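Architecture at a glance
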Amino acid sequence: DIITNRLHKMSYPVFSTELFGSSWVQDIIRLQDQSFLFTTFAGVYRIYSKNGEYDIQPFSALNKKKFTSFAALFQDEAGTIYIKDLADRLYILKIAKEQSVDPVILSIPFPPQVNQFYIDTANNSILLATNFGLYRQNRNDYTLKKVSFTKPPPFISISSVIKTGDKLWLFGEKGLFC
């Protein structure tokens, strides 16, 4: 509460207390409907606000997967949600109107760790800055391709990416490249 400057612990269903379990939040985003989505080492959760009260519930059947930890989150302007696990999968979801409907529309093998998602509207794609380079995902058919450069940057891991006009700005451990 910002007015009183007091914090209190929010309770929610816990999937695991082992290691970091459901307690360690990996990523959190605000969705277009103003709810929040967050990932933990053991699950994906959604925070709803109803009449001034908060309700935190598991989000999607992804939580039923054994030994899966979740990390990066992103929602594009079309409402599609991208969730990267800590292993080798990128999940693409649509929010269902009914919570009983599983919103997963695609599960893609994708081992790299995603550091950042970025919308490239001009190419109808999502750019993924990863620890194994830059990838482009077509938003029509969801195909993923590694972006190649005629003169590649002197690093593999890209921490973030921004596109302005016809320039890509890449940030990595050796600085900024354009």
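Keep in mind the model is a prediction, meaning the values are calculated, not measured. (Residues numbered from 1 in each chain as written. Predicted model: local features only at pLDDT ≥ 70, side-chain atom pairs only at ≥ 80, totals over all residues. Heavy atoms only, no water.)

Position of Y48 among the secondary structure elements: in strand β3 (residues 44-50). Y48 gets classed as buried once you look at its relative accessible area, which sits at 15%. On a C-alpha basis, the gap between Y48 and Q34 in space is 8.2 Å, while along the polypeptide they are 14 residues apart. (Helix = DSSP H or I, 4+ residues; strand = E, 2+ residues; numbered from the N terminus. Buried < 20%, exposed > 50% of the residue type's maximum accessible area, 1.4 Å probe, protein only.)

Attention shifts here to the sheet that holds β3. The strand order across the open sheet formed by 4 strands is β1-β2-β3-β4, and the pairing between neighbours is antiparallel. Of all the strands in the sheet, just β1 (25-30) and β4 (53-58) have a single pairing partner and so form its edges. Put simply, the sheet's adjacent strands are angled 20° from each other on average, direction ignored. For β1 and strand β2 (residues 36-40), the ladder comprises 5 bridges, and the chain directions are antiparallel. By the bridge assignment for β2, I29 is matched with L37. (Pairing = 2+ DSSP bridges. Axes fitted to C-alpha atoms, helices over the stretch in contact; angles between N-to-C directions.)

Here we come to the pairing of β3. By the criterion of burial, β3 is predominantly enclosed, with 5 of the 7 residues buried. Pairing between β2 and β3: 4 bridges, direction antiparallel. The partner of F38 across the bridge, within β3, is Y45. Adjacent in sequence and paired antiparallel, β2 and β3 are bridged by 3 residues. Count of turn residues in the β3/β4 antiparallel hairpin: 2 residues, of which N51 carries a positive phi of about 50°.

Strands sit in the order β9-β10-β11-β12 across an open sheet of 4 strands; the sheet is antiparallel. The sheet terminates laterally at β9 (114-120) and β12 (144-146), the two strands that pair on one side only. Averaged over neighbouring strand pairs, the angle between their axes works out to 25° when direction is ignored. Direction of pairing for strand β11 (residues 133-138) relative to β12: antiparallel, over a ladder of 3 bridges. Across the sheet, residue Y135 finds its bridge partner in β12, namely K146.

Under the counting rule described, the total for this entry stands at 7 salt bridges. The closest approach of N and O atoms between D85 and K84, which form a salt bridge, is 3.4 Å. In this structure, D120 engages R136 in a salt bridge whose closest nitrogen and oxygen atoms are separated by 2.6 Å. One end of the pair, D120, is in strand β9; the other, R136, is in strand β11, with 16 residues separating them in the sequence. (Salt bridge = Lys/Arg side-chain N within 4 Å of Asp/Glu carboxyl O.)

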